[in-house]
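# Architecture and fold: a report
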Amino acid sequence: MKTDDLPKDATPIAFTLDGRAAEAAPGESILKAAQRMGVAIPHLCHMDGLRSPGNCRACVVEIEGERVLAPSCCRAPAPGMVVQVESTRATTARKTVLELLLADAPDTTALRHDSELAHWAQQAGAESGRFPARAAAAHDASHPAMTVNLDACIQCTRCIRACRETQGNDVLGLAFRGGHAQIVFDQNDPMGASTCVACGECVQACPTGAIAPANGAYQKAAQQQVDSVCPYCGVGCQLTYHVSDGKIEHVEGIAGPANEGRLCVKGRFGFDYAHSPERLTRPLIRRADAPKDPLSIERRNWRELFREASWDEALDAAAAGFQRAMTSTTARGRQGPVAGFGSAKGTNEEAYLFQKLIRTAFATHNVDHCTRLCHASSVAALMEGLGSAVVTNPLRDVQHADFVLLIGANPAQNHPVGASWIKNATRRGMKLVLADPRRTELARHAWKHLGFSPGSDVALLNALLHTIVFEGLTDPAYIEAHTLDFAQLKAHLADFSPEAMAPVCGIDAATLREVARAYATAKNSMILWGMGISQHTHGTDNARCLIALSLITGQIGRPGTGLHPLRGQNNVQGASDAGLIPMVLPDYQKVGDPLAREKAERLWNLAPGTLTGEAGLTVVEIIDAAHRREIRAMLIQGENPAMSDPDAAHAREALAGLDHLVVQDIFLTETASLADVVLPATAWPEKTGSVTNTDRCVQLGRKAVPAPGEARADAWITEQLARRLGLHWAYDVAADGTATDDARTGIGAVFEEMRALMPSIAGLSWTRLRREGAVTYPVASEDDPGQPVVFTEDFPTDSGRARLVGAGVTPPAEVPDAEFPMVLITGRQLEHWHTGSMTRRSEVLDALEPGPVVSLNPATARRLGLNAGALARVRSRRGQVALAVRVDDAMPLNAAFIPFAYAEAAANLLTNPALDPVGKIAELKYCAVDVSADLTPA
C-alpha cells in the first residue's frame, strides 16, 4: 500500500499487518486500512457510512501485547502496533462467531441472494448446525413496502443505527434482554402499524434480508444495475436501478453528493409508476364524438375520449393546429395566440428545447413552468437583491451551521433526505428554529418552534430584523463593503419592534428577541425556506426579509451560512436555468436585454430582431388569457395545470376552451384528458439526460429500462414538432431516450448548445458530465471543480453589492369572515408528490396514503362535530370538496390542511388565484374556507 492511497491531508500512521508494513490515516480503523491493502476481514455490524460499534465480533484481530482480541472495525492503529489478522486465535474466534450466527440465521440466502452472513461464513469455512438453532420468530408482512423476518436477524444493529443515527427517525430499537432480545419497531408494534416512514434505510443496511423489500426483489440478483438520479424532489439523490427483464425490481441509494446513499420512501419504493398499466403507449387524437368536459376529467380511460394514431399523423395534427392558431392573428409577443408549459420533471435538455421551440416557432416568450407556482417570488426577490436566483449554499451545509432558521417548509415530508441532514446537525449541537404555523415533524429536533399565525410571515421577520438592527447585532463592516440602502432599511424597520409585532404574528416579544440574537451572534447561520414563504401575495416581501437577515449580519458567502430556497421538483432549478421562464432567456438573461437576445439569435440561427423584447405571460396569466380566448393554442409538456393551478375549475374551463391543446405526458392526466392530441412520452428511467438539483449540482440521469410501446423521449417529440413547424433542427435526438458520449449529435449536442448560451455551466462539457456524473455550477472552465458556495467576494450586480429592500406588513388577499371562518393551507405529503400523476400509480405509495384527507386540530374538529375518519365538506368562494377528516394536534386552531395530489378532492379547486404583484405567484398557501360535516347521502 502506498501513502498516496490514504485519505487526503492525512499524516500516515505506520503499523504492521500480518508481517507487512502498513499505513493508516489518523482515526482510520484497522478494518479500513486492511481493506485498502487487499486483506479481507469478515464484518457484519460494520457498514460504510454507519458508526461501527464492534458488537458482532466477526472482525476480531489479534494485537501483539494485548490480552483480548480487538474488533477491527472500531479500533484504530497506533504507531508501531503489530496486528495479526490470520493468527490461529483470531481466525478460530471469527469462525466460531460466524457459526453461532448461522445457528440464529441458518439460511439467509433464501431472503437475500447476496447475504453477507452467508458470504463471510463461506469465506471462513464456518459450518451451519454446530450450535442449536433458536426458536422461530413471527413473520411480519404488515407493511406494503417491506417485510420483517426475524429468523434471519443476527442483531448486528445496523438497521437501528441506520434508522436512528442516519435518518434520525428513531423507530427501530433493541428490546428485551438476553436470549429474548430482538429488534422492534416503536413499542414492539407491527411494522405497518408503527411510526416507520418507509425510507428503507434499514432494508439497505440489513446484511441478511431480515428486513427486505416486500416484493422479494432481494431473493435473486438483478440482470443489470444502472446508476441514475431520483425523479422526485429537488434534493437530487443518486440511486441505482436494479433491473431484470426490462423492469425495475428495486432501488438502492448510492454515494451521491446530495444523499450519500440515503433515500426516502418515494425514491426507494416509488419506482413502479414507470411500469403502470396506465402508461400511454401510442399517440392519441381526440374523437369527434368526445367533446371536452372540464367537469369530468379524473382518471378517464383514453378509449372514451381518443383514438390511436401513428406518430406521423399525430405530429402532423399537432403542428397543423398550431399553424392554424398562428395564422388566425398577426399579433406576436405576449399578445400572440400560442403558449407553452414546460416541465420541471424532465431533463435540462428537454426544458431547453421546449423554451427554444416556443420562442422561435411562435415568436413569443409565453413559456413558463411550475416554478411560477412554487418559488417565483423567491426568484424575484433574489434577483432584485443579489442579482442571482440561485441558492448560495448546498443543503448539506447545515452540517457546518451553528444556527438554522427553517421557515415555511416541511422537509421531513417534502425533502426527507435533506431533513435527515438537518436532524444529524441538531444531534451535533446545531440550533434549529422551525417557523411554521404547523408543528411539523422537525419540531421535536428544534431549539424553538415559532408557530406564528398563518399569513403573518413579514411581521415575524421584521421583528427579527428590528431586534438585530436596533440592538446593534449587525455586521457593520459587511454592510459597508457589500450592501446598498441599509439606512433606508433601518428607517423602515423602526416601527416593527417585537412588542408591536407580537400581537400580529402570535409569537411573544421575548421569544422573537431571543431568536434574533441567536441568529445574529452565531458563528454560522443559515436560512432554509419553502413554499410556505413563497406562495403568498406577499411572497416576494417574505423573501426580501430573509435576504435582509442574511446580509445585515454577514451570514452569507461562507460554508454553513447563506440562503437556500428548497426546490420542490427534481429539475425545477435546471428548468429555470434553461430558460423556461417568460421574462428571461437561459441563465436568467432578461428578454428585454438586446445583447442577450442577439446572442440567442446568433446561436439559434435566427434573423436579427426575431426575438421580441417583451416578456411573456406567466402560468396563471396564460390560463386567464386562455379563459378570455386570447390564448388559443397550448403545448404542455409533463405538467398538469388542471390539478396544479389555483382555482382549478377556472383553469379547467380555460384548457377545455382552447382551440388546440397538445399534451406530452406518460399518463392520461387530468390535463391530458382535455387535449386534442396526446403524445406518449418516456418516464425518467427511460432516458438519459442532465438534471440540476436544489444545490445547483448538475447530475446525469441514465436510461435504465425501455419505454413501453411507442412512447418517445420528450426531446425527440419537441424536435419533430419543430421540424413540422418550419424550424431546421438537426440534433437528431434518439427517439428511445438513449444518449452517447458523442457531443456532436443527439442529447449531447443539445447540452453543448445549451452551455454555449449559459455562462454558469460554460466549463461543463457533455464529455465531462458523462465522465464525472455530477458537477456543481458555477463552473467557468474545464478545470474548475465547481463552486458549491457562491457570493464569497461580491454579488453579480452592476455595483457588486447586494441591495437591501424593506417589506411592509400586508394581509393575505382573502381573510376569514363569518361565511368562511377558517384558513386553508395546502401542500404535499411524504408519500405523494406534485399532482399525484406518478406516485398514485405506484402500488406501495398509493397503499400507504390511498385517499385524500383534511387535517384538523383536535379542538377544531370537536368544535365542528367531526371525528377522525368522518366525511367533511370544505368549501371556499371558488369550489368545494368532500374528504375524510384526519385529526392532527400539529395543526393550529381554526386551520385546515389538504394535500393537493388527489383529483377526487383537488385542493386547488379551493385555492385563491390572487397573485403576488412582483413574482406573479398565486396565494396557494392561504385562503378562507368553511369546514362542515358532509351530509351528502351515501
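Residues numbered from 1 in each chain as written. Predicted model: local features only at pLDDT ≥ 70, side-chain atom pairs only at ≥ 80, totals over all residues. Heavy atoms only, no water.

### Quick notes on the overall build of the chain
What the chain contains, in helices and strands, is 28 helices and 40 strands. Expressed as lengths along the three principal axes of its C-alpha atoms, the size of the chain is roughly 90 × 70 × 65 Å. Taken as a whole, the chain presents about 33,100 Å² of accessible surface, with 50% of it coming from carbon and sulfur. Between the mean site of the 90 positive side-chain charges and the mean site of the 106 negative ones, the chain shows a separation of 1 Å. (Helix = DSSP H or I, 4+ residues; strand = E, 2+ residues; numbered from the N terminus. Areas by Shrake-Rupley, 256 points an atom, 1.4 Å probe, with all protein chains shown as cover. Lys, Arg positive; Asp, Glu negative; His and termini not counted. Charge placed at Lys NZ, Arg CZ, Asp CG, Glu CD.)

### Quick word on the pairing of strand S36 (residues 880-887)
Here four bridges tie strand S34 (residues 853-856) to S36, and the two strands are oriented parallel to one another. Of the residues in S36, the one forming a bridge with Leu-856 is Val-887. Pairing of strand S35 (residues 871-875) with S36, which is carried by five bridges, proceeds in the antiparallel orientation. The residue bridging Ala-872 from the neighbouring strand is Leu-883, located in S36. Hairpin geometry of S35 and S36 is characterised by an intervening segment of four residues between the two adjacent antiparallel strands. (Pairing = 2+ DSSP bridges.)

### Focus: the packing of aromatic side chains
As enumerated under the stated definition, the model contains 10 aromatic pairs in all. Ring centres of Phe-322 and Phe-362 lie 5.3 Å apart, and the angle between their planes is 50°; this geometry places the pair in the tilted category. On the criterion of sequence distance, the pair formed by Phe-322 in helix H7 (residues 311-327) and Phe-362 in the loop between helix H8 (348-361) and strand S17 (367-368) is long-range, its members being 40 residues apart. Of the two residues, Phe-322 and Phe-362, both sit in the buried class. (Phe/Tyr/Trp six-rings, centres within 6.5 Å; stacked < 30°, edge-to-face > 60°. Buried < 20%, exposed > 50% of the residue type's maximum accessible area, 1.4 Å probe, protein only.)

### Section: the pairing of strand S27 (residues 660-665)
The element S27 is largely enclosed, with a buried count of six among its six residues. Where burial is concerned, the two faces of S27 agree: the one with His-660, Val-662 and Gln-664 and the one with Leu-661, Val-663 and Asp-665 are both buried. Sheet analysis places strand S26 (residues 633-637) next to S27, joined by five bridges and oriented parallel. Bridged to Gln-637 within S27 is Gln-664. Strand direction decides the pairing type here: S27 and strand S28 (residues 677-680), joined by four bridges, are parallel. Within the sheet, the bridge partner assigned to Gln-664 lies in S28 and is Leu-679.

### What about helix H23 (residues 648-656)?
Helical geometry: 3.6 residues make up each α-helical turn, so side chains three or four residues apart lie on a common side. Buried within H23 we find Ala-648, Ala-651, Arg-652, Ala-654, Leu-655 and Ala-656. Residues of H23 that are buried in the fold lie against helix H21 (619-627), S26, helix H22 (641-644) and S27. (Contact = heavy atoms within 4.5 Å.)

### Concerning the sheet that holds S26
The mixed open sheet is built from seven strands, whose spatial order is S15-S14-S28-S27-S26-S16-S17. Where the open sheet ends on each side, the last strands, each with one partner, are strand S15 (306-308) and S17. Packed on one face of the sheet, H8 meets strand S16 (338-341), S17 and S26 and runs near 170° to S26. (Axes fitted to C-alpha atoms, helices over the stretch in contact; angles between N-to-C directions.)

### As for the sheet that holds strand S6 (residues 139-140)
Read from one edge to the other, the open sheet built from three strands follows the order S6-S7-S10, with strand pairing classed as antiparallel. Single-partner strands in this sheet number two, and they are S6 and strand S10 (211-213). In the sheet, strand S7 (residues 146-149) pairs with S10 via three bridges, with the strands oriented antiparallel. Note on S10: the bridge partner recorded for Thr-147 is Ala-212.

### Observations regarding the pattern of salt bridges
Per the stated rule, a full pass over the model turns up 55 salt bridges. Put simply, Arg-282 and Glu-710 hold a salt bridge, and the shortest N to O gap is 3.2 Å. Highlighted residues: Arg-282 in the loop between helix H6 (265-269) and strand S14 (284-286) and Glu-710 in the loop between strand S30 (697-701) and helix H24 (714-724), separated in sequence by 428 residues. A salt bridge links Arg-877 to Asp-817; its shortest N-O distance comes to 2.4 Å. Of the two residues, Arg-877 sits in the loop between S35 and S36 while Asp-817 sits in the loop between strand S32 (802-803) and strand S33 (822-827), which places them 60 residues apart along the sequence. Assessed through its relative accessible area of 31%, Asp-817 is described here as partly exposed. Connected through salt bridges with shared partners, the residues Glu-471, Glu-499, Arg-513 and Arg-517 form a single ionic network. (Salt bridge = Lys/Arg side-chain N within 4 Å of Asp/Glu carboxyl O.)

### Focus: the side chain of Thr-688
On the secondary structure map, Thr-688 appears in the loop between S28 and strand S29 (689-692). For Thr-688, the side chain forms a polar contact with the main-chain nitrogen of Lys-703, separated by 3.0 Å. Ignoring any residue separated from it by four or fewer positions in sequence, one finds Thr-688 in contact with Leu-700, Gly-701, Arg-702, Lys-703, Gly-737, Ala-739, Ile-747 and Arg-770. (Polar contact = N/O pair within 3.5 Å; in protein donor to acceptor, adjacent residues only side chain to side chain.)

### Topic: the nonpolar core
Within the largest apolar cluster, 190 residues are counted, with the highest numbers of intra-cluster contacts made by Leu-386, Leu-546 and Leu-549. In terms of residues, this core owes the most to one element, helix H12 (residues 457-470), which gives nine residues. Not counting residues within four places of it along the chain, the set of residues in contact with Leu-386 comprises Thr-392, Ile-547, Leu-551, Ile-556, Leu-563, Phe-791, Phe-795, Pro-796, Thr-797 and Ala-802. One finds Ala-625, Ala-651, Leu-661 and Val-678 within the second-largest nonpolar core, a separate group that totals 35 residues. (Core = buried A, V, L, I, M, F, W, Y, C linked by side-chain atoms within 4.5 Å.)

### Overview of the packing of H7 against H24
Remark: H7 packs on H24, axes separated minimally by 9 Å, with the N-to-C direction vectors making an angle of 55°. One element, H7, and the other, H24, form an angle in the oblique class. The handedness of the crossing between H7 and H24 comes out as right-handed. Where H7 approaches H24, its residues Trp-311, Asp-312, Leu-315, Asp-316, Ala-318, Ala-319 and Gln-323 are matched on the opposing element by Trp-716, Ile-717, Gln-720, Leu-721 and Arg-724. Counted by class, the contact of H7 with H24 contains seven nonpolar, two polar and three charged residues. (Parallel < 35°, antiparallel > 145°, perpendicular 65-115°, else oblique. Left-handed = near helix turned anticlockwise from the far one by under 90°. Nonpolar A, V, L, I, M, F, W, Y, C, P; charged D, E, K, R; others polar.)

### Focus: the packing of H12 against helix H14 (residues 486-493)
Contact geometry for H12 and H14: axes closest at 10 Å, N-to-C directions at 115°. By the angle class used here, H12 and H14 are roughly perpendicular. Crossing of H12 over H14 shows left-handed handedness. Counting all contacts with H12, which are made through Asn-462, Leu-465, His-466, Val-469 and Phe-470, the residues of H14 involved are Phe-486, Lys-490, His-492 and Leu-493. Its residues assigned to classes, the contact of H12 with H14 comprises five nonpolar, three polar and one charged.

### Focus on the confidence of the model for the chain
Mean pLDDT over the chain works out to 95, with 99% of the residues at or above the 70 mark. Here residues 1-5 is a poorly scored stretch, pLDDT under 50, and it has nine contacts once near neighbours within four places are set aside; other chains count. (pLDDT = per-residue confidence, 0-100.)

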